[in-house]
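# Observations on chain architecture
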Amino acid sequence: LAGLVRMGFGSGQFRRTKWVAIWWNGPSAGALVRAKSTQVQGTTLQWLEPFSLTVRASDLDELEMGRILDLVRRASVVDGKGVSDSVGDVFSEEQFDAALAEEVAASSAFFGDSGSGATADGAPPPEMRPAGDVAADVTSGRYNWACFAVGQAGE
């Protein structure tokens, strides 16, 4: 599976956004599955560009927030000075939470909902669309995440 996550840090004029591509092979994936996955990885990740960094994982521990934040921090330079400024660590969980709260509030105001992410009973199932279309929606800001599965056309 491949995914794209938009991670915001800070708020207002100090907000910084990083795009993280996730490449997942689960812990039970055998050698044949991993080899097949590696063959399509380059092409699949090209569909998701642009992104700030790629996280390859085969265990859920590799997707823990602290590890992802550390990878973002190491891959980032702010104004040529590293990753600290007057608010402390720019790419901290606190800065991520501040950006997320700002985004939820803006989304709630725009859509007129509580921002909880809960769907009403009877909501339609998720829409299955071509990966390129979904990636375009994520990079345009329509969504802040997406998940992709590699398969045959029409699956």
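Residues numbered from 1 in each chain as written. Predicted model: local features only at pLDDT ≥ 70, side-chain atom pairs only at ≥ 80, totals over all residues. Heavy atoms only, no water.

## Side note on the overall build of the protein chain
Counted only if it meets this: Helix and strand definitions here come from DSSP, where helices need a minimum of 4 consecutive H or I residues and strands a minimum of 2 consecutive E residues; each element is numbered from the N-terminal end. Exposure classes here rest on a 1.4 Å probe applied to the protein chains alone. A residue is buried below 20% of its type maximum, exposed above 50%, and partly exposed in between. The contact definition used throughout considers only heavy atoms, calling two residues in contact when any of these lie within 4.5 Å. In these tables, accessible area is a Shrake-Rupley quantity obtained with a 1.4 Å probe, and a residue counts as shielded only by the protein chains included in the view.
When helices and strands are tallied, the protein chain shows four helices and six strands. Ordered by position from N to C terminus, the α and β elements of the protein chain give β-β-α-β-α-β-β-α-α-β. The proportion of buried residues among the 155 residues of the protein chain is 30%. Across the protein chain, contacts joining residues at least 24 apart in sequence account for 55% of those joining residues at least 6 apart. A total of about 10,000 Å² of accessible surface is found on the protein chain, and carbon and sulfur atoms cover 55% of it.

## Here we look at the pairing of strand S1 (residues 2-9)
Put simply, the rule reads: Pairing between strands is defined by DSSP: at least two bridges between the two strands are required.
In terms of residue burial, S1 counts as a mostly covered element, since seven of its eight residues are buried. With eight bridges joining them, S1 and strand S2 (residues 16-24) adopt antiparallel strand pairing. From the neighbouring strand, Arg6 faces S2, where its bridge partner is Trp19. The antiparallel pairing of S1 with S2 creates a hairpin that spans six residues between the two strands, and Gly10 there sits at a positive phi of about 80°.

## Section: the pairing of strand S3 (residues 53-57)
Selection rule: If the strands point away from the viewer and the path from the first strand over the helix to the second runs clockwise, then the crossover is right-handed.
Every second residue of S3 is oriented toward a common face, the buried set being Leu53, Val55 and Ala57 and the non-buried set Thr54 and Arg56. In the sheet, S2 pairs with S3 via five bridges, with the strands oriented parallel. Bridged to Trp23 within S3 is Arg56. As for the winding sense of the linkage, the β-α-β connection from S2 through helix H1 (residues 31-48) to S3 is right-handed.

## Brief notes about helix H2 (residues 65-74)
Where we set the bar: Think of it as the arc spanned by the lines of direction from the helix axis to the C-beta atoms.
Taken residue by residue, H2 has Ile68, Leu69, Leu71 and Val72 as its buried positions. The buried side chains of H2 occupy one side of the element, clustering within an arc of 160° when seen end-on.

## Looking at the environment of Thr54
On the secondary structure map, Thr54 appears in strand S3. Owing to a relative accessible area of 23%, Thr54 belongs among the partly exposed residues under this scheme. Sequence spacing of Thr54 and Leu71 is 17 residues, and the spatial spacing of their C-alpha atoms is 9.1 Å. Every residue in contact with Thr54, bar those within four places of it in the chain, is listed here: Ala21 and Leu45.

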